Amino acid sequence: MTLLTGKTAMITGGTSGIGLAIARLFATEGAQVIVSGRREEAAKQAVLEIGGAAAYVLGDVADPDFHAWAADDIAERFGGLDIYVANAGVNTIRHSADVPEAEYDAQFATNTRGVFIGVQKFAPILRDNGAIVITGSLASEKVLDGHAVYAGSKAAIGAFARSWALELKDRGIRVNLLSPGPTDTEILGKLGVTPEQRPAFEAQMAAAIPLGRLGRPEELASAALFLASDMSSFVTGVNLRVDGGMALL
């Protein structure tokens, strides 16, 4: 028997990067997987990659209305959830003095408000003894150049997670934070790292990471599986750093 047989899992931002890797692994481990994304083409492609009976819901976690209707839709189609992974996030690297108000608002709308309202709306359809996994960031603990707004948005959800671990304890729902370090996903390109710049970027990152390399999405997915499954049945309210030791330096 696989670790998530009979479980239903929702992963926001599950159409690419770490979210997609989590969705694929959860499906392999027997879960009914639902992913959210903003673009239908990407969502359909993700479902094909995930395989099995994977499904998707379309919407933007920054939209306060998205979570309520998505929770209603999932409850109607699947009867509820056992696992909720709040993974969707955005990041723009910029010195604080140069951050426009709209960019600040966009990061907090997705990374912070989207997580809060997501848990608020999905917790009622989570079955007792379920699990919530929230994707945080190394940046919330370690100062990284140009990451002030992103770091603040991620630090807030760490505080949320600790509160929720106590608020949901009577239902046996565990709430934990998964904090990646630099990970080899397509987001590097979105942050402006060109293919030509990749070797130098990776060498710079390797020098700052005790294990000497970027993380792989599959490694983050394995950590998420631990937090979502009965392997961590006595773990709640923790921040699991999967950063190759970068927070130590």
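These numbers were taken from a predicted model, which means no experiment stands behind them.

Participant: Could you clarify how one ought to interpret the pattern of salt bridges in this entry?
Facilitator: Tallying each qualifying case throughout the model produces ten salt bridges. Here E49 ties to R24 by a salt bridge, and the two come within 3.2 Å at their closest N and O atoms. Here E49, found in helix 2 (residues 40-50), pairs with R24, found in helix 1 (residues 17-28); they are 25 residues apart in sequence, far enough to count as distant. Judged by its relative accessible area of 39%, E49 falls in the partly exposed class. Here R24 falls in the partly exposed class, since its relative accessible area comes to 29%. Put simply, K169 and D170 hold a salt bridge, and the shortest N to O gap is 3.1 Å. Within the structure, one salt-bridge network assembled from shared partners comprises R213, R216 and E219.

Participant: Help me understand the nonpolar core, please; the structure alone is not making it clear to me.
Facilitator: Nonpolar side chains in soluble globular proteins tend to end up buried together. Ranked by internal contacts, the top residues of the largest apolar core, which has 29 residues, are M10, L81, F122, I132, I134 and V175. Elements with a minimum of two residues in this core: strand 3 (55-58), helix 3 (64-78), strand 4 (81-86), helix 4 (101-122), strand 5 (126-135), helix 5 (148-167) and strand 6 (174-180). Apart from the residues within four sequence positions on either side, F122 is in contact with M10, H67, A70, A71, I74, L81 and Y84. Among the nonpolar cores identified, the runner-up in size contains 28 residues, and I11, L25, V85 and A223 belong to it.

Participant: How should I be thinking about the sheet that holds strand 4 in this particular structure?
Facilitator: Neighbouring strands of a sheet are bound in pairs by backbone hydrogen bonds; such pairs are parallel or else antiparallel. In spatial order, the strands read 3-2-1-4-5-6-7; together these seven strands make up an open sheet with parallel pairing. Looking at the sheet topology across the chains shown, the edges are occupied by strand 3 and strand 7 (239-242). Strand-to-strand twist in this sheet, taken as the mean axis angle between neighbours without regard to direction, amounts to 20°. By the bridge criterion, five bridges tie strand 5 to strand 6 in an arrangement that is parallel. By the bridge assignment, A131 is partnered in strand 6 with R174. In the packing of helix 2 onto the sheet, the strands contacted are strand 2 (32-37) and strand 3, and the crossing angle to strand 3 comes to about 165°. Sheet strands touched by helix 8 (residues 217-228): strand 4, strand 5, strand 6 and strand 7. Its angle to strand 6, the strand with the most contacts, is close to 165°.

Participant: Can you walk me through the packing of helix 4 against helix 5 in this structure?
Facilitator: Two quantities define a packed helix pair, namely the angle between the helix axes and the distance between the axes. Running from amino to carboxyl end, helix 4 crosses helix 5 at an angle of 10°, the nearest separation of the two axes being 9 Å. As far as their axial angle goes, helix 5 and helix 4 are roughly parallel. In this structure, helix 4 contributes Y104, Q107, F108, N111, T112, V115, F116 and V119 to the contact, and helix 5 contributes V149, Y150, G152, S153, K154, A156, I157, F160 and W164. Looking at the contact of helix 4 with helix 5 residue by residue, the class counts come to eleven nonpolar, five polar and one charged.

Participant: Before we go on, may I ask you to explain unusual backbone geometry in this structure?
Facilitator: Peptide bonds are, in most cases, trans, and in most cases residues other than glycine have a negative phi. Phi at N129 is positive, roughly 70°, even though this residue is not glycine. Here N129 is to be found in strand 5.

Participant: I'm lost on the pairing of strand 6 in this one. Help?
Facilitator: Looking along a regular strand, one sees side chains alternate from face to face of the sheet. Most of strand 6 sits inside the fold, with seven of its seven residues counted as buried. Of the two faces of strand 6, the one carrying R174, N176, L178 and P180 and the one carrying V175, L177 and S179 are both buried. Relative to strand 7, strand 6 runs parallel, the two sharing four bridges. By the bridge assignment, P180 is partnered in strand 7 with V242.

Participant: Looking at this model, I keep getting lost on the packing of aromatic side chains. Mind explaining?
Facilitator: To describe a pair of aromatic rings, you give the distance between the ring centres and the angle between the ring planes. In total, this model carries six aromatic pairs according to the counting rule given. Where Y104 meets F108, the ring centres are 4.7 Å apart and the plane angle is 25°; that geometry is what we call stacked. Pair noted here: Y104 and F108 are both in helix 4, with a separation of four residues, about one helical turn. For Y104, a relative accessible area of 39% puts it in the partly exposed group. Pairing F116 with F160 gives two aromatic rings, centres 5.2 Å apart and planes at 65°, and the pair type is edge-to-face. One end of the pair, F116, is in helix 4; the other, F160, is in helix 5, and 44 residues separate them in sequence. Accessibility expressed as a relative area gives 34% for F116, which makes it partly exposed. Taken together through their ring pairs, the aromatic side chains of F116, F160 and W164 make up a single cluster.

Conventions used here
- Residues numbered from 1 in each chain as written.
- Predicted model: local features only at pLDDT ≥ 70, side-chain atom pairs only at ≥ 80, totals over all residues.
- Heavy atoms only, no water.
- Salt bridge = Lys/Arg side-chain N within 4 Å of Asp/Glu carboxyl O.
- Helix = DSSP H or I, 4+ residues; strand = E, 2+ residues; numbered from the N terminus.
- Buried < 20%, exposed > 50% of the residue type's maximum accessible area, 1.4 Å probe, protein only.
- Core = buried A, V, L, I, M, F, W, Y, C linked by side-chain atoms within 4.5 Å.
- Contact = heavy atoms within 4.5 Å.
- Pairing = 2+ DSSP bridges.
- Axes fitted to C-alpha atoms, helices over the stretch in contact; angles between N-to-C directions.
- Parallel < 35°, antiparallel > 145°, perpendicular 65-115°, else oblique.
- Nonpolar A, V, L, I, M, F, W, Y, C, P; charged D, E, K, R; others polar.
- Phe/Tyr/Trp six-rings, centres within 6.5 Å; stacked < 30°, edge-to-face > 60°.

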